[in-house]
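Coordinate analysis (summary)
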Amino acid sequence: MSQRHVVQVFEQYQKARMQFVQTVADLANRPQNIELLQNAGKTADICFLYSLLARVSVYVCVQRFYKKAAAFVLRAVAKHSPELSQAVVACRGVDALVLCLEEFDPGVKEAAAWALGNIARHNAALSQSVVDAGAVPLLVLSLLEPEMALKRIAASTLSDISKHTPELAQTVVDTGAIAHLAQMILSPDTKLKRQVFAALTQISKHSVSLAEMVIEAEIFPAAMSCLRDPDEYVKKNVVTLMREVVKHTPELAQVIVNCGGLEAVIDYLGNCHGNVRLPGIMMLGYVAAHSESLAMAVIVSKGVPQLALCLSEESEDHIKAATVWSVGQIGHHTPEHAKAVTTANLLPKILELYMNASSSEDLQTKSKKALKSVLQKCTYLPSLEPLLYEAPSNILKHVVCQFSKVLPHDSKARRLFVTSGGLKKVQEIEAEPGSPLQEYINAINGCFPEEIVRYYSPGYSEALLERLDDYQPA
Amino acid sequence: MAELLKIKREFEEFQKEYYYTNREADENREKENQAVTQIQSWFRGCKVRAYLSHLHKKAIIIQKIWRGFTARARVRQMVKAAYFIMKMNFYEEMAVRIQRTWRGFFVRKYIHNFYARKKYMEGLVMKNELVRRELDQLEDLQKRERDCLDMVKEHTAKVYQAHRLHHLLSTKQCPGVFNSPFRPAPHEMELLLRQQVKYQAPTRLASRGKACLLGIPSSTSSSFPVTLGSPLIKTSRTYSSRPILPPIANKGLYGEAGEAWEQRLHCRELMLCLQTSYMHLEEAQNQLRELEPVRLRGTGSTLHHLSQSSSSFPHPAHTGKSFR
């Protein structure tokens with residue numbers, strides 16, 4: 001009798017424990033409850049709570065539901081701040097979660113992986129503690145499981161771990177994650193694709209060798225097909241991956257260009273709007289920045305009209321700044337490139353952004369740099385003329401410099417310059433004697449016969465009329 | 001003696017001559033000495049001079065020969081050097097030409113190949129176009145797949161709905177909700193309903209009558225062409241295409257040709273107001289019982305194709321009729 005009584009007591013205790021865990025799991029899902037829980041006891045109490053839960057996960061409990069609930073609690077708690085995650089780590093919760101990852105039940109594994117992801121998300125030290133507990137090989141194994149939700153969570157956790165430092169990314173890569181992630185690119189599930197591309201992005205962003213490893217997995221021609229996925233976050237993640245890979249070296253950029261990546265990205269820019277365009281724009285800029293042949297490749301793929309469209313359609317300053325920067329990278333190599341940029345009528349727009357007082361600082365700096373770099377190579381005079389009229393003096397200096405370089409050699413250009421009123425405008429510019437601007441103006445004036453220069457100088461009609469006053473008919 | 005004297009005189013004269021000569025000689029000695037000295041010195045000087053000039057000439061000859069020798073050696077050396085330098089210049093110029101040509105070739109071919117770059121750009125444009133077309137096709141394909149799936153889902157939902165709403169089928173007497181008389185052709189829902197109602201009599205025993213009653217909609221359904229050939233409809237069709245026995249000669253499934261018309265005449269209100277009152281079943285039954293002596297055939301198969309359990313129905317009589 002007493003034995004039964006004792007057994008009953010223990011069963012009651014078990015049930016009570018499970019109920020407690022479940023309730024806390026539900027409560028901990030919301031941030032305000034976390035604070036309430038914290039305020040109800042001191043943090044030490046929370047630690048006790050966690051250690052209790054950790055122990056709960058560790059001890060072999062027949063009911064898998066128990067472990068899942070415990071993992072849910074840890075996940076919900078770790079989501080909110082780094083300190084709480086640190087508390088979880090300190091109470092050996094990470095080891096318990098890693099043990100949960102070895103379970104058979106996919107629900108438990110999913111909950112454990114999610115909790116680890118939440119912990120690793122905050123900073124590098126926490127990720128390091130997750131990796132030190134040996135989570136990474138188990139996560140890679142869970143990638144191979146058939147359940148879609150588990151795969152998603154495993155991919156997202158790997159991406160959270162590898163995003164902080166190159167060493168962590170290297171650890172993830174060493175367990176052979178890239179091959180598995182590459183296989184999952186072609187899966188039909190949208191959310192999985194999002195996570196897979198995000199993971200690959202985080203891995204490849206740190207260094208050249210990691211990016212090369214990602215490319216060697218031969219994802220690229222296949223990943224382009226995901227650029228036409230109906231889900232916009234999948235597309236955005238693919239383009240972000242391309243951007244991170246292209247950033248490192250010209251060879252990597254060349255690989256992507258050779259697969260036809262530029263075309264795909266330009267189509268993507270044409271189809272989407274708003275903030276998601278940013279990685280595409282930056283990718284074009286990085287490609288063009290490496291060498292002039294890559295920049296020419298961007299021009300040939302009709303990147304410049306698309307960027308012009310982005311510049312005119314988007315209203316946010318940071319996107320405009322990125323567009324302006326990309327245009328500068330494309331145009332600053334040779335006169336050919338500068339001509340391509342100017343024929344798309346971009347210079348007046350960039351000038352306007354520079355002069356606009358409501359543009360942010362960043363936008364103004366980038367516009368100025370882009371203008372300067374493109375102007376220094378621009379020899380296509382008809383596009384430079386509008387700038388003569390509107391530019392402020394520091395930009396005007398470059399414009400006039402370009403005129404002074406080109407006019408001495410080209411007679412047709414001189415004629416055009418005179419007839420279009422450019423010479424007149426140049427005469428009207430006031431410059432301090434001895435400044436570079438004055439020298440350029442002198443150089444330009446030297447290209448023309450004196451009478452013409454005098455004719456177009458301001459106040460000439462008055463001077464003529466004064467001569468008329470003194471004239472005595474014979 | 002004379003000779004002695006002569007000799008003495010001669011001797012004296014000789015002495016005197018000797019003396020005089022010596023005196024002359026003595027007197028001239030100085031002068032002669034000097035003269036002789038002068039002559040001798042001059043002669044010696046001449047001798048020495050001649051010797052010196054001889055030496056001089058010989059020295060000159062030696063030096064001349066020697067200098068010529070060394071100079072010629074030097075010149076030969078210089079000529080050799082100049083020749084060498086000329087050769088080197090020539091070689092260098094030729095080497096420069098070779099290197100120039102090679103470097104131009106190498107740079108133009110392997111480092112900055114303009115034509116390769118041009119071809120690359122053109123190739124890139126073509127590749128881009130190709131990629132775009134492929135991606136478009138892929139996207140099309142995926143979209144069509146998705147559309148197809150959506151359509152199939154929609155259709156399944158409609159079929160399910162039709163299955164649930166099978167009772168809204170229009171009958172010969174009363175057009176159903178989906179078959180308004182103002183429409184040129186029945187609504188698709190109507191057609192679905194017609195295909196849906198597919199039950200066959202599961203057994204011969206109980207309610208064969210029900211089978212007869214319920215056979216009408218299936219005959220009507222089989223007389224309509226199948227609109228959609230999807231596999232879902234097939235199941236209902238196969239279901240409904242279980243062999244229906246052909247009508248016994250002269251008789252329709254439920255009796256003679258004009259029978260239903262006569263029934264209508266008699267129980268008009270029953271036929272027309274199918275579901276307007278919940279008592280209609282009982283009313284119908286009562287009316288039929290009145291009619292029964294008049295007509296042996298059962299009525300209103302159409303009334304009862306919705307049949308609830310018709311326990312009050314005269315079963316044995318009915319089954320008896322159906323065995324005809």
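Residues numbered from 1 in each chain as written. Chains lettered and ligands numbered in written order. Predicted model: local features only at pLDDT ≥ 70, side-chain atom pairs only at ≥ 80, totals over all residues. Heavy atoms only, no water.

Let's talk about the overall build of chain A
What counts here: Only DSSP runs of H or I with at least four residues qualify as helices, and only runs of E with at least two residues qualify as strands; both kinds are numbered from the N terminus onward. The classification of residues rests on relative accessible area computed with a 1.4 Å probe and restricted to protein chains. Under 20% of the type maximum is buried, over 50% is exposed, and intermediate values are partly exposed. For this analysis, residues touch if any pair of their heavy atoms sits within 4.5 Å. What sets the accessible areas is the Shrake-Rupley method with a 1.4 Å probe; for residues, cover comes only from the shown protein chains.
Secondary structure assignment for chain A yields 32 helices and zero strands. Expressed as a percentage of the 474 residues in chain A, the buried residues total 51%. Taking all contacts inside chain A whose residues are at least 6 apart in sequence as the whole, residues at least 24 apart take part in 71%. By element, 54% of the accessible surface of chain A is carried by carbon and sulfur atoms, the whole surface being about 22000 Å².

Focus: the confidence of the model for chain A
Residues and elements named next belong to chain A. Here is the rule: pLDDT measures the predictor's confidence residue by residue and takes values from 0 up to 100.
The predicted model of chain A averages 85 in pLDDT, with 90% of residues at 70 or higher. Ranking the elements of chain A by mean pLDDT puts helix α3 (residues 43–58) last with 54 and helix α19 (residues 278–290) first with 94. Within the model, the stretch residues 58–62 combines pLDDT values under 50 with four contacts to residues more than four positions away or in other chains.

Section: the interface of chain A and chain B
Which entries qualify depends on this criterion: Accessible surface is computed with a 1.4 Å probe, and the buried area is the amount of it that two parts give up when combined, taken over both parts together. Salt bridges are defined by distance alone: a side-chain nitrogen of Lys or Arg within 4 Å of a carboxyl oxygen of Asp or Glu. In protein, a polar contact means a hydrogen-donor-capable atom and an acceptor-capable atom, both N or O and within 3.5 Å, with residues adjacent in sequence counting only if both atoms are side-chain atoms; elsewhere, any N or O pair within 3.5 Å suffices. Residues are grouped as follows: Ala, Val, Leu, Ile, Met, Phe, Trp, Tyr, Cys and Pro are nonpolar; Asp, Glu, Lys and Arg are charged; all remaining types, including Gly, are polar.
At the junction of the two partners, chain A supplies 18 residues and chain B supplies 15 residues. Contact with chain B buries area across many residues of chain A, yet Arg228, Glu263 and Val300 of chain A alone supply 38% of it, more than any other trio. Applying the counting criterion to the chain A and chain B interface returns five salt bridges. Between arginine 117 of chain B and glutamate 292 of chain A there is a salt bridge; the shortest N-O distance is 2.6 Å. Counting across the chain A and chain B interface gives ten residue pairs in polar contact (both at pLDDT 80 or more). Sorting the residues of the side of chain A that touches chain B by element identifies α15 (220–225), α17 (250–258), α18 (261–271) and α20 (292–300) of chain A as the ones contributing at least two each. Of all the elements, α20 of chain A adds the most residues to the side of chain A that touches chain B, at five residues. Residue composition of the side of chain A that touches chain B, grouped by class: eight nonpolar, six polar and four charged.

A word on the pattern of salt bridges
All names here are of chain B. Tallied over the full model, the rule gives 23 salt bridges over all chains. For the salt bridge of aspartate 147 with lysine 143, the shortest nitrogen-to-oxygen distance reads 3.9 Å. Here lysine 143 and aspartate 147 lie together in helix α2 (residues 114–164), a separation of four residues that amounts to about one turn. Judged by its relative accessible area of 45%, lysine 143 is partly exposed. We note a salt bridge from lysine 158 to glutamate 188, for which the minimum N-O separation is 3.3 Å. With lysine 158 in helix α2 and glutamate 188 in helix α3 (residues 188–196), this pair connects stretches of sequence that are 30 residues apart.

Description of the packing of aromatic side chains
This is how it is decided: Two aromatic rings from Phe, Tyr or Trp, using only the six-membered ring of Trp, form a pair when their centres are within 6.5 Å; if the ring planes differ by under 30 degrees the pair is stacked, by over 60 it is edge-to-face, and anything between is tilted. Charge over a ring is defined by NZ of Lys or CZ of Arg lying within 6 Å of the ring centre and within 35 degrees of the ring normal.
Tallied over the entire structure, the rule returns 13 aromatic pairs over all chains. On the numbers, 5.0 Å between centres and 85° between planes, the contact of tyrosine 455 of chain A with tyrosine 456 of chain A is edge-to-face. Ring centres of tryptophan 66 of chain B and phenylalanine 69 of chain B lie 5.4 Å apart, and the angle between their planes is 40°; on these two criteria the pair is classed as tilted. Of the two residues, tryptophan 66 of chain B and phenylalanine 69 of chain B both sit in helix α1 (residues 2–111), three residues apart, roughly one turn of that helix. Following the ring pairs from residue to residue traces out a cluster consisting of Trp102, Phe105, Phe106 and Tyr110 of chain B. One residue, arginine 75 of chain A, lies across the ring of tryptophan 114 of chain A, its end atom 4.1 Å from the ring centre.

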